[in-house]
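# Architecture at a glance
Below are the chains, spelled out letter by letter.
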2 protein chains.
Amino acid sequence: MKTQPKILITNDDGIYAPGIFALWEAMDALGDVVIVAPDTEKSAVGHAITISDPIRIQEITRRDGFKGYAVKGTPADCVKIAVQGILDSPPDIVISGVNAGANVGNNIIYSGTVSAATEGTMLKIPSIAISLDAVRGGNYEPAKTVAQRVVHQVLDRGLPEGVLLNVNVPNIPITDIQGIKITKQGNIFFKDWFEGREDPRGHQYYWMTGKIVDPDSDENCDGVALSQGYVSITPIHYQLTCESFLEPLEQWTFDE
Amino acid sequence: MKTQPKILITNDDGIYAPGIFALWEAMDALGDVVIVAPDTEKSAVGHAITISDPIRIQEITRRDGFKGYAVKGTPADCVKIAVQGILDSPPDIVISGVNAGANVGNNIIYSGTVSAATEGTMLKIPSIAISLDAVRGGNYEPAKTVAQRVVHQVLDRGLPEGVLLNVNVPNIPITDIQGIKITKQGNIFFKDWFEGREDPRGHQYYWMTGKIVDPDSDENCDGVALSQGYVSITPIHYQLTCESFLEPLEQWTFDE
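In short, a report on the structure.

Calculation rules
- Residues numbered from 1 in each chain as written.
- Chains lettered and ligands numbered in written order.
- Predicted model: local features only at pLDDT ≥ 70, side-chain atom pairs only at ≥ 80, totals over all residues.
- Helix = DSSP H or I, 4+ residues; strand = E, 2+ residues; numbered from the N terminus.
- Rg over C-alpha atoms; globule rule 2.2 N^0.38 Å.
- Buried ≥ 20, exposed ≤ 12 C-beta atoms within 10 Å, placed from the backbone.
- Contact = placed C-beta atoms within 7 Å.
- Pairing = 2+ DSSP bridges.
- Axes fitted to C-alpha atoms, helices over the stretch in contact; angles between N-to-C directions.
- Arc of directions from axis to C-beta.
- Least-squares fit on C-alpha atoms with pLDDT ≥ 70 in both.
- Parallel < 35°, antiparallel > 145°, perpendicular 65-115°, else oblique.
- Left-handed = near helix turned anticlockwise from the far one by under 90°.
- Nonpolar A, V, L, I, M, F, W, Y, C, P; charged D, E, K, R; others polar.
- Core = buried A, V, L, I, M, F, W, Y, C linked by C-beta atoms within 7 Å.
- Right-handed = clockwise from strand over helix to strand, strands pointing away.

### Topic: the overall build of chain A
Helix and strand counts for chain A stand at six helices and eleven strands. A compact globule built from 256 residues should have a C-alpha radius of gyration of about 18 Å, and chain A, at 19 Å, falls within 12% of that. Overall, the C-alpha framework of chain A stretches about 65 × 50 × 45 Å when taken along its three principal axes. Classification of the 256 residues of chain A by burial places 51% in the buried group. At a minimum sequence separation of 6, the contacts of chain A that also span at least 24 residues come to 75%.

Shown next, in the form of structure tokens:
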């Protein structure tokens, strides 16, 4: 009898978010699921890890059968402590999401969802990040199907060392989805500004706010494919060296 | 008369750290300095930004002439709010550091120092991260000289859009430094584990701890060059697409 794959689920919206519940439902059909996720929302924490504060873990069980470990920490912390503290042996796969909101273009730099999957990759476990293109009120059903298909392939084929998949799903009915497109990280960015307010004690404070700007037109870019109704899958890595600038930089002198 | 360059300084160790003071001393000789840095230590926050909490700013002035804006936020927040809120016009350069501890190999993913410079780059400002290879008790004098020389070159030549420089300085006397080496991001990583303890109320908590592991031998890797007494400069970018895996991934089918 074939043993069930062990699937580690995490996210950055927190263990009580609808997206992780949907992912649990989808993965429960495929293997033995362990959920280790932040106890509260950790959106936009990037690849933060907690080294200056103690980390606490609380086991939670809900009536509907959903159970997991709520971690007072970041998404990257969750993957580390799951693999190095909670589980007896490493999972076969890490899947992070389903995030409420797309993670495409420049914005993947800020994404806790993507960072959790990156952490899994750094621990040499095939890893996937999955996001739905709806910050609120999204329909997670199509993303569940997509998650199952992508996980199925990754369990079958594996991933090269150091490479993870960043999956984004349009928020449309599954029958309207145009297909799956292999994409590149595009240049969508969040043009942000700061809104100043005064608290009741007369002290100034600021909220970061802004809007999405998409300068891309190439349909092989993640955000463009998504907006055209495709599921976008971008293979990403954490090799940040800009190879093309090594040679010019060698010509610089630093004598004064 | 040539106008002085406007230099924005930030860091992740916080505005009261010795490294930012050293950097202020070094940059004050080169131009008009503005310091906008986290009010407390924000090591290992990666590219976190603060979107769910208000951000506060406090102006500080010290007797020795050091003055700046202490931000209740992350290093990336500091760069954003400096450029989009505090300054009338964008700085000519952003320099982040001097970090207490090297930022090389895999560890640059977690680095608030590097992320601040990345944020500057995303805002289309030439940006530099600089770190000293000593977590405590380091001698910042050589790093000051290195910072001046690198800033001088970057102000002169500029940087390609989307590329920043990650500079690491060995903690040795400047006369012992072997020179400057243009390097690639290597594979040094922090092999971490969790140390469980019990608080006075009988509740379990964990500290993330670990040790540095360096699997690299190629002397063009950042960590190796640094350990050999070179200043290491790696050009990095935030294009995370793994180009070499696009073609193989195109062959996958996601039918079931």
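### Overview of the interface of chain A and chain B
A common way to state how big an interface is: give the accessible area lost once the parts meet. Of the residues lining the interface, 61 residues belong to chain A; the matching set on chain B comes to 61 residues. Of all elements in the fold, only helix 2 (75-86), helix 3 (112-122), helix 4 (141-157), strand 8 (179-182), strand 9 (189-198), strand 10 (204-213), strand 11 (230-236) and helix 6 (246-250) of chain A reach the threshold of two or more residues within the side of chain A that touches chain B. The leading source of residues in the side of chain A that touches chain B is helix 4 of chain A, at five residues.

### Some words on the sheet that holds strand 7 (residues 163-169) of chain B
Residue and element names in this part refer to chain B. One open sheet holds the nine strands; their spatial order is 3-4-2-1-5-6-7-11-8, and the pairing between them is mixed. A strand with exactly one partner marks an edge of an open sheet, and here the two such strands are strand 3 (57-61) and strand 8 (179-182). Looking at each pair of strands side by side, their axes are set apart by 25 degrees on average, direction ignored. Relative to strand 7, strand 6 (residues 127-132) runs parallel, the two sharing five bridges. Bridge pairing in strand 7 places Leu132 opposite Val169. Across the sheet, helix 1 (residues 18-28) lies against strand 1 (6-10), strand 2 (32-38), strand 5 (93-100) and strand 6, angled at about 140 degrees from strand 5, the strand it touches most. Contacts between helix 2 (residues 75-86) and the sheet are confined to strand 1, strand 2, strand 3, strand 4 (67-71) and strand 5, with strand 2 contributing the most and set at about 135 degrees to the helix.

### Describing helix 1 of chain B
Within the sequence span of helix 1 of chain B, burial applies to Gly19, Ile20, Ala22, Leu23, Ala26 and Met27 of chain B. Seen from one end, helix 1 of chain B has its buried residues packed into an arc of 155 degrees, which puts them on one side.

### What to know about the relation of the copies chain A and chain B
When chain A is brought onto chain B, the operation consists of a screw motion whose angular component is 180 degrees and whose axial shift is 0.0 Å, with 0.0 Å RMSD remaining. When the rotation and shift are considered jointly, the pair of chain copies conforms to a two-fold rotation axis. A shared interface surface links the copies, since 100% of the contact residues of chain A are contact residues in chain B too.

### As for the packing of helix 1 of chain B against helix 4 (residues 141-157) of chain B
Residue and element names in this part refer to chain B. Axis separation between helix 1 and helix 4 bottoms out at 9 Å; the angle between their running directions is 45 degrees. Relative to helix 4, the element helix 1 is oriented oblique. The two elements helix 1 and helix 4 meet at a crossing, and its hand is right-handed. Only Ala143, Lys144, Ala147, Gln148 and Val151 of helix 4 make contact with helix 1, whose side of the interface consists of Ala22, Leu23, Glu25, Ala26 and Met27. Here the residues of the contact of helix 1 with helix 4 are counted per class, giving seven nonpolar, one polar and two charged.

### Some remarks on unusual backbone geometry
All names here are of chain A. Backbone torsion omega between Gly97 and Val98 reads -15 degrees, so that peptide bond is classified as cis. Residues other than glycine seldom take positive phi values, yet Lys124 does so here, at roughly 65 degrees. Structurally, Lys124 can be placed in the loop between helix 3 and strand 6 (127-132).

### Comments concerning helix 3 of chain A
Note on helix geometry: an α-helix contains 3.6 residues per turn, so any two residues three or four positions apart are oriented the same way. Most of helix 3 of chain A sits inside the fold, with eleven of its eleven residues counted as buried. Among all positions in helix 3 of chain A, only Gly112, Thr113, Val114, Ser115, Ala116, Ala117, Thr118, Glu119, Gly120, Thr121 and Met122 of chain A are buried. Looking at the buried side of helix 3 of chain A, the elements it contacts are strand 1 (6-10), helix 2, strand 5 (93-100), strand 6 and strand 7 (164-169) of chain A together with strand 9 (189-198) of chain B. In the segment just after helix 3 of chain A, Lys124 of chain A is the residue with positive phi, at about 65 degrees.

### Concerning the nonpolar core
In terms of nonpolar packing, the biggest core is built from 152 residues, with Ile95 and Ile128 of chain A together with Ile95 and Ile128 of chain B touching the most fellow members. Residues in contact with Ile95 of chain A, not counting those within four places in the same chain, are Ile7, Ile9, Leu23, Met27, Ile128, Ile130, Ala147 and Val151 of chain A.

### Structural notes on the sheet that holds strand 4 (residues 67-71) of chain A
All names here are of chain A. Strands sit in the order 3-4-2-1-5-6-7-11-8 across an open sheet of nine strands; the sheet is mixed. On the outer flanks of this sheet lie strand 3 (57-61) and strand 8, each paired with one strand and no other. Across the sheet, the mean angle separating the axes of adjacent strands is 25 degrees when strand polarity is ignored. Of the strands in this sheet, strand 1, strand 2 (32-38), strand 5 and strand 6 are in contact with helix 1 (residues 18-28), which crosses strand 5 at around 140 degrees.

### Notes on the packing of helix 2 of chain A against helix 3 of chain A
Residue and element names in this part refer to chain A. Two elements in contact, helix 2 and helix 3, have axes separated by 7 Å at closest approach and are oriented at 30 degrees. Judged by the angle between their axes, helix 2 and helix 3 are roughly parallel. Crossing of helix 2 against helix 3: the hand is right-handed. Residues Pro75, Ala76, Cys78, Val79 and Lys80 of helix 2 lie in contact with helix 3, whose contacting residues are Gly112, Thr113, Ser115, Ala116, Glu119 and Gly120.

### A few points about the pairing of strand 2 of chain B
Residues and elements named next belong to chain B. For strand 2, the buried fraction is high: five of the seven residues fall into the buried class. Relative to strand 2, strand 1 runs parallel, the two being bridged by four bridges. Residue Ile7 lies in a different strand from strand 2, and its bridge partner there is Val33. Taken together, strand 1, helix 1 and strand 2 constitute a β-α-β crossover, and its handedness is right-handed. Relative to strand 4, strand 2 runs parallel, the two sharing three bridges. When the sheet's bridge partners are listed, Pro38 is paired in strand 4 with Val71.

### A closer look at the environment of Tyr205 of chain B
Take Tyr205 of chain B: it is sitting in strand 10 (residues 204-213). Residues Tyr205 of chain B and Glu195 of chain B, ten residues apart in the sequence, show an inter-C-alpha distance of 8.3 Å. Among all residues touching Tyr205 of chain B, those that are not within four sequence positions of it are Pro54, Ile55 and Arg56 of chain A together with Arg197 and Asp199 of chain B.

### Some thoughts on the pairing of strand 5 of chain A
Residues and elements named next belong to chain A. With eight of eight residues buried, strand 5 is to be regarded as a mostly interior element. Examined bridge by bridge, strand 1 and strand 5 share four bridges and lie parallel to one another. When the sheet's bridge partners are listed, Ile9 is paired in strand 5 with Ile95.

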